[in-house]
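Residues per chain are reported as follows:
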Amino acid sequence: MKLPIVESDNTDAEFENDGWRRQFVASEPRLSEMCELFNSLGKEVMLVPTIQEVEELDEACKACFESTKESTFTIWTRTNSD
Amino acid sequence: MKCVAGLDVGSTYTKATILNSEGDLIGRAMRNTGFKLDEAARKAFDVALEDAGVSESDIGYVISTGYGRHRVDFRDVTVTALTAAARGAHWFFPNSRTVLDIGGQTMKATKLDDKIKVKSFRLNDKCAAGTGAFLEKTARYMDYSTEQIGALAMSSKKEVEISGVCAVFAESEVINQLSIGSEPSDIMQGAMVSLVGRSLQLMRRIKMEPEYTLVGGIMRYPTMVQSLTAELGGDVNVPEGDLVQFVGAIGAATLARQRLAKVEAEE
C-alpha cells in the first residue's frame, strides 16, 4: 500500500477549512495499519510530515522527535463524501 | 471443525491462544517478544498447543495480529490490533461499546457498533508516553520488577502527582520524587493515576459509550482498574486475571474460527 504522504506548508486551520480532521501522530509499523483502518471506515487519509509540529514541542520532547521526524507523520482524515 | 489459533505479537509480549471446535479457549501462552518476533510467535504458539493438548495438525486456521503480525510465517491471514481487540472484547463481554487497550507502547480507544465493527478509534498521540513502558521504567528505576508493579501500587497510602509521563524522562521524575521523600508505592500509584487521566482524554475524543471494556497488560494492575472504574462511573468490564492480556489473541482466534467455517462451507 502506497502511503498518501503530502508535503505541504498549510496550517492546521487551512487543512480544517478543506474538511480535514487531525487524528494523531504515528510512525511505522502502526502508520500503515492506521491508514488501512481509516480507509476501511470510508475516510480519505492524508499524511503530513511532523516537522511543523516538532517545532511546537517543548525542549524535552523536541530532542526525542528530532531523531525520528523523518519517519513520523500526522494523520489527517476526511470522509469521502466531503 | 478443527481448532483455530490467534496470535498477538505485541511490542512487549507475544500471546498465543487456541480455541476448540466449540469456540472455547483451551490453550494459551505468552512470551517476551524481544527482537526476534518470528521466534517469539513460534514459541508462544508451541506452548499454547501444549497447553491445549493438541498438535499443529489439529489447527485449521491461524490469524495473527499486533505490531509484529506480518512476522508470523505460519499464519493464514492478519488482522489489525483494533479489530482483534474489538472481537476479543465482544467474546468476553458482548455488550462492549468502547474498548480501552493499554499495552507496552500504545494506548488505544475504540468505539464499536452493535455489529462489533470499529466505528471510530484513537491512539496515543506522538509517542509512547503514558503507556506500559512508562510504568515499567518507573518501577525499574526504583529497583522493582514489572511483576511487582501491581502490589507496589496497592500499598500506596496517597499517590504523588507525576508531572510527566515520558518513559525517557521517567528516571529524573523518579529521582525528584525520591529526593523529596516520596515513597516508591506512592510514586508508582501516582504514575498510574497520570495514565488514567490520559486514558480518559483519549476515550472522550471518540465520544465513549458504555459498556466500557478495559484490556491490555496495564489492566492487570488492580489500582489502575479501580481508578478507571471510579472515573467512568460504572458499566466497566475487565477480563479476569491474566486473560486481560490475551484479548487481542482471542479476538484473532474468533475471527479465525469464522474464516475456517467459511472455508469449510465452500469445500
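Structure: see above.
From a predicted model like this one, the values you see are computed outputs, not experimental measurements.

Between chain A and chain B, the contact holds 18 residues from the first and 22 residues from the second. Summing both sides of the interface, chain A and chain B together bury roughly 1800 Å²; the carbon and sulfur share of this comes to 61%. When the area that chain A buries against chain B is broken down by residue, the three leading residues are A:Arg30, A:Glu33 and A:Leu37, summing to 32%. Across the contact surface, chain A and chain B share one salt bridge. Note that A:Glu33 and B:Arg69 form a salt bridge whose closest N and O atoms lie 3.3 Å from each other. The interface formed by chain A and chain B holds three residue pairs in polar contact (both at pLDDT 80 or more) in total. Among the elements that take part in the side of chain A that touches chain B, helix α2 (residues 30-40) of chain A stands out by supplying six residues, more than any other. For the side of chain A that touches chain B, the residue count by class is eleven nonpolar, one polar and six charged.

On to the sheet that holds strand β5 (residues 77-78) of chain B, then. Whenever strands of a sheet pair, they do so through backbone hydrogen bonds, lying parallel or antiparallel. Residues and elements named next belong to chain B. Reading across from one edge, β3-β2-β1-β4-β5 is the order of the five strands in this open sheet, with mixed pairing throughout. The open sheet has two edge strands with one neighbour each: β3 (25-32) and β5. The pairing of strand β1 (residues 3-9) with strand β2 (residues 13-19) spans six bridges and is antiparallel. Its bridge partner being in β2, Gly6 is matched across the sheet by Thr17.

This next bit is on the sheet that holds strand β2 (residues 43-49) of chain A. Residues and elements named next belong to chain A. An order of β1-β3-β2 is seen for the three strands of this open sheet, with the pairing classed as antiparallel. Only two strands of the sheet have a single neighbouring strand rather than two, namely β1 (21-27) and β2. Direction aside, the axes of adjacent strands within the sheet are offset by 30° on average. Examined bridge by bridge, β2 and strand β3 (residues 72-79) share seven bridges and lie antiparallel to one another. Across the sheet, the residue bridging to Leu47 is Ile75, located in β3.

Proteins that are soluble and globular tend to have nonpolar side chains buried together. Ranked by internal contacts, the top residues of the largest apolar core, which has 37 residues, are B:Leu100, B:Phe134, B:Leu135, B:Met188, B:Met219, B:Met224 and B:Leu228. For this core, the elements supplying multiple residues, two or more each, are β6 (98-102), β7 (107-112), α3 (132-141), α4 (149-154), α5 (170-179), α6 (184-205), β9 (212-215) and α7 (222-232) of chain B. The dominant element in this core, judged by the number of residues it contributes, is α6(B), at nine residues. Once residues within four sequence positions are removed from consideration, B:Met224 is found in contact with B:Ile102, B:Met192, B:Leu195, B:Val196, B:Ser199, B:Ile218 and B:Met219. In terms of nonpolar packing, the next biggest core, distinct from the first, is built from 28 residues, A:Ala26, B:Leu243, B:Phe246 and B:Ile250 among them.

Leftover empty space is mapped by rolling, across the atoms, a probe with the size of a water molecule. Taken as a whole, the second largest pocket spans an internal volume of roughly 440 Å³. Secondary-structure elements contributing two or more residues to the lining of the second largest pocket are α2 of chain A together with α2 (81-92) and α8 (247-266) of chain B. Looking at the lining of the second largest pocket element by element, the count peaks at three residues for α2(A). Of the residues assigned to the lining of the second largest pocket, the class counts are seven nonpolar, five polar and five charged.

So, about unusual backbone geometry. Among all residues except glycine, the phi angle is most often negative; among peptide bonds, the trans geometry is most common. Residues and elements named next belong to chain B. The amide bond that connects Pro210 to the next residue, Glu211, takes the cis arrangement and shows omega of 5°. Turning to its location among the elements, Glu211 is positioned in the loop between α6 and β9. Look at Ile116: it is not a glycine, yet its phi comes out positive at around 65°. Positive phi outside glycine occurs at Asp143, with the angle close to 70°. Along the chain, the position of Asp143 falls in the loop between α3 and α4. On the basis of relative accessibility, which here comes to 70%, the residue Asp143 falls in the exposed class.

Residue and element names in this part refer to chain B. In this fold, Leu228 is placed in helix α7. Taking the C-alpha atoms as reference points, Leu228 and Thr213, 15 residues apart in sequence, are found 11 Å from one another. When near neighbours in sequence (up to four residues on either side) are disregarded, Leu228 contacts Leu100, Val196, Ser199, Leu200, Leu214 and Met219.

About the thresholds
- Residues numbered from 1 in each chain as written.
- Chains lettered and ligands numbered in written order.
- Predicted model: local features only at pLDDT ≥ 70, side-chain atom pairs only at ≥ 80, totals over all residues.
- Heavy atoms only, no water.
- Contact = heavy atoms within 4.5 Å.
- Buried area = accessible area lost by both parts, 1.4 Å probe.
- Salt bridge = Lys/Arg side-chain N within 4 Å of Asp/Glu carboxyl O.
- Polar contact = N/O pair within 3.5 Å; in protein donor to acceptor, adjacent residues only side chain to side chain.
- Helix = DSSP H or I, 4+ residues; strand = E, 2+ residues; numbered from the N terminus.
- Nonpolar A, V, L, I, M, F, W, Y, C, P; charged D, E, K, R; others polar.
- Pairing = 2+ DSSP bridges.
- Axes fitted to C-alpha atoms, helices over the stretch in contact; angles between N-to-C directions.
- Core = buried A, V, L, I, M, F, W, Y, C linked by side-chain atoms within 4.5 Å.
- Buried < 20%, exposed > 50% of the residue type's maximum accessible area, 1.4 Å probe, protein only.
- 1 Å grid on protein atoms, 1.4 Å probe; cavity = no way out; pocket = protein on both sides within 12 Å on 5 of 7 lines; lining within 4 Å.
- Points joined across faces, edges and corners; volume = space filled by probe spheres on them.

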